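Examining the three-dimensional arrangement
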Amino acid sequence: MEHYFTTPIYYVNAAPHIGTAYTTLAADTLARYWRKKLGREYVRFTTGTDENSQKTLSAAAAKGQSVEEYLSEMADEFVDCWGQLGIDYDDFIRTTEPRHESTVQRLVTQLMENGDVYLGDYEGMYCSRCETFLKESELNEAGQCPDHLIAPEKIKEKNYFFRLSKYQDWLLELLQGGFLKPEKRANELISLIKNEGLDDISISREGAEIGIAHPSDPNHKLYVWTEALMNYYTSIDRPELNHFWHGEVTHLVGKDITRFHCLIWPAMLHSLGLPLPKQVFAHGFFTINGQKMSKSLGNAVEPRALAQKYGADALRIALLSAFAFGNDGDFSEDHLAEVYRTKLAGGLGNLVNRVITLIDKYYNGDKSTLPVAPAVIHVEAFGKHMEALELYRACEVFFDLIDQTNKQLADAEPWKAPDKQAPEVLALFAGQLATLEALSDMAEVLLPEAAKRLKLMLGNAQKTGERVILFPQIEA
Ligand SMILES: [Zn+2]
């Protein structure tokens with residue numbers, strides 16, 4: 001069975017921050033796990049940029065650039081950041097690419113042919129910063145958008161609508177069946193449907209300056225949220241890749257965009273007669289040092305700066321192990337430094353160094369001296385957690401195994417044994433070596449750069465390899 005993982009496509013109005021890095025590292029980690037298990041050809045992982053926002057016009061103008069220049073410069077920021085973070089995606093999609101326009105126009109044409117799109121009057125309160133219409137009930141007491149604290153514009157125009165209301169009961173059933181995880185996020189949407197019901201949604205704006213044209217009415221540009229969701233399909237919309245849509249598709253999203261991914265998107269796919277994703281997983285938000293993330297705080301933990309200082313591996317495992325995937329939680333550079341010092345350099349680095357040094361010293365690095373060790377039971381738990389998207393738990397298994405193995409070595413004190421060929425000493429080192437092999441397999445998923453160095457130290461089937469430093473000391 002193929003596995004297809006996606007991150008949301010990111011708004012280009014700001015450089016990647018720790019929140020977008022988190023989603024992307026999580027998707028990358030899952031893709032690495034499945035590639036290792038099934039082979040690269042069975043796994044696909046895409047990310048990209050959402051570029052058809054009306055805000056782009058003013059942002060480009062403010063920088064004295066054309067829209068095209070602005071967009072490619074911003075997309076390059078993301079490509080550069082993901083490169084520095086060791087993100088190994090299969091496709092980076094930009095929604096201004098011709099391939100996306102062509103997929104979107106085809107899908108919207110099909111929605112129209114199915115009778116699920118109609119032209120109607122729209123009157124509503126539009127927040128230009130959200131780029132969405134808000135209901136009266138969503139405004140604050142001053143009648144403003146609660147996120148942007150500006151009064152929305154009253155807009156009346158002809159719009160194309162998608163018949164979302166038609167799919168209300170079907171969506172309710174879908175959400176009750178575990179389409180959206182964690183469950184608390186699904187419950188929010190279930191009560192929204194039960195309490196307020198679903199209206200048809202506007203999917204176009206008349207006279208918008210940029211965006212993808214409505215296929216049969218070019219005066220209308222498709223509403224950014226409608227076409228942005230279709231990027232997931234664009235990426236595999238080629239005969240040789242289409243089978244990924246028929247495998248297990250997992251969308252990783254932030255908890256703020258579940259309405260789009262779990263109401264509009266599945267309803268459109270259902271209308272189109274396309275298979276649904278297996279699941280949408282909504283992760284929580286960060287506070288930084290206990291404070292809500294803001295632009296200045298976000299800059300304080302710029303992912304590229306942290307990766308340069310501690311390494312991309314350390315950033316990855318510190319983020320994924322900071323709190324349960326799906327909950328809100330806190331992140332700080334102190335936490336990253338602590339993980340680096342205690343779990344990586346002091347934990348894994350120290351363990352590998354000690355075990356390989358002793359095997360070299362006592363057995364001249366000859367692994368064939370050692371008996372066959374029993375399988376490492378943690379491997380199964382690690383895989384189970386990965387497959388359940390419990391990334392935090394998978395990191396725990398990895399760290400626990402390191403701690404247990406360090407403790408076992410310290411307790412056994414093999415350096416005090418008078419005979420290094422005694423069966424219990426040989427069995428100890430065989431077990432320790434088997435654990436290092438298991439850890440190096442897990443590290444290929446969690447710490448891809450360090451895993452290469454670890455494999456180098458473990459050598460081949462017969463002999464230990466060269467000595468390298470897994471986690472160098474970092475200047476405070
Ligand atoms: Zn707003």
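Since we're looking at a predicted model, the values are computed, not measured. (Residues numbered from 1 in each chain as written. Predicted model: local features only at pLDDT ≥ 70, side-chain atom pairs only at ≥ 80, totals over all residues.)

1. What to know about the packing of helix α15 (residues 391-412) against helix α16 (residues 423-446)
Condition: Where helices are involved, their axes are fitted lines through C-alpha atoms of the stretch in contact, as for all axes, and angles between N-to-C directions lie from 0 to 180°. Counting from the N terminus, the helices are the DSSP runs of H or I reaching at least four residues and the strands are the DSSP runs of E reaching at least two. Note on terminology: angles under 35 degrees are roughly parallel, angles over 145 are roughly antiparallel, angles of 65 to 115 are roughly perpendicular, and the others are oblique. Note: crossing handedness is left-handed where the near helix turns anticlockwise from the far helix by less than a right angle, and right-handed where it turns clockwise. We call two residues in contact if the C-beta atoms placed from their backbones are at most 7 Å apart. Amino acid classes used here: Ala, Val, Leu, Ile, Met, Phe, Trp, Tyr, Cys and Pro are nonpolar; Asp, Glu, Lys and Arg are charged; the rest, including Gly, are polar.
In the contact formed by α15 and α16, the axes pass within 11 Å of each other and the chain directions differ by 160 degrees. Taken together, the axes of α15 and α16 are roughly antiparallel relative to one another. Like other packed secondary-structure pairs, α15 and α16 cross with a definite hand, here left-handed. Mapping the contact onto sequence places Cys395, Phe398, Leu401, Ile402, Thr405, Leu409 and Ala412 in α15 and Leu428, Gln432, Thr435, Leu439, Met442 and Leu446 in α16. In terms of residue class, the contact of α15 with α16 is built from ten nonpolar, three polar and no charged.

2. What to know about unusual backbone geometry
Outside of glycine, negative phi angles account for most residues, and trans bonds account for most peptide bonds. For clarity, the threshold we go by: Burial is judged by counting other C-beta atoms within 10 Å of a residue's own C-beta: 20 or more means buried, 12 or fewer means exposed, and anything between counts as partly exposed, with every C-beta placed from the backbone.
For the bond from Lys181 to Pro182, the omega torsion is -5 degrees, close enough to zero to count as cis. Position of Pro182 among the secondary structure elements: in the loop between β8 (180-181) and α6 (183-196). Positive phi, close to 55 degrees, is recorded for Leu149, a residue that is not glycine. Considering the arrangement of structural elements, one finds Leu149 in the loop between β6 (132-134) and β7 (153-162). Residue Leu149 is classed as exposed on the basis of its C-beta count, with 10 C-beta atoms lying within 10 Å. Although it is not a glycine, Asn289 sits at a positive phi angle of roughly 50 degrees. Under the C-beta neighbour-count criterion, Asn289 is labelled partly exposed, with 13 such atoms within 10 Å.

3. Focus: the domain arrangement of the protein chain
Selection rule: The domain boundaries here were taken from an automatic or database domain assignment.
Segmenting the protein chain into domains produces domain 1 (3-283) and domain 2 (332-458). In this structure, domain 1 and domain 2 have C-alpha centres spaced 42 Å apart. Between domain 1 and domain 2, the residue contacts involve eight residues of the former and eight residues of the latter. In terms of residues, the side of domain 1 that touches domain 2 owes the most to one element, helix α1 (residues 18-38), which gives six residues. When the residues that make up the side of domain 1 that touches domain 2 are grouped by side-chain class, the tally is four nonpolar, two polar and two charged.

4. What about the environment of Ala373?
Examined against the element boundaries, Ala373 turns out to sit in the loop between α13 (333-363) and α14 (378-387). Put simply, Ala373 and Leu172 are 201 residues apart on the chain and 51 Å apart in space, counted from C-alpha to C-alpha. Filtering out sequence-adjacent residues up to four positions away, Ala373 remains in contact with Ala430, Gly431, Leu433 and Ala434.

5. Quick look at the environment of Gln404
As for its placement among the helices and strands, Gln404 is situated in helix α15. For Gln404, a count of 12 C-beta atoms within 10 Å translates into the label exposed. Put simply, Gln404 and Met125 are 279 residues apart on the chain and 58 Å apart in space, counted from C-alpha to C-alpha.

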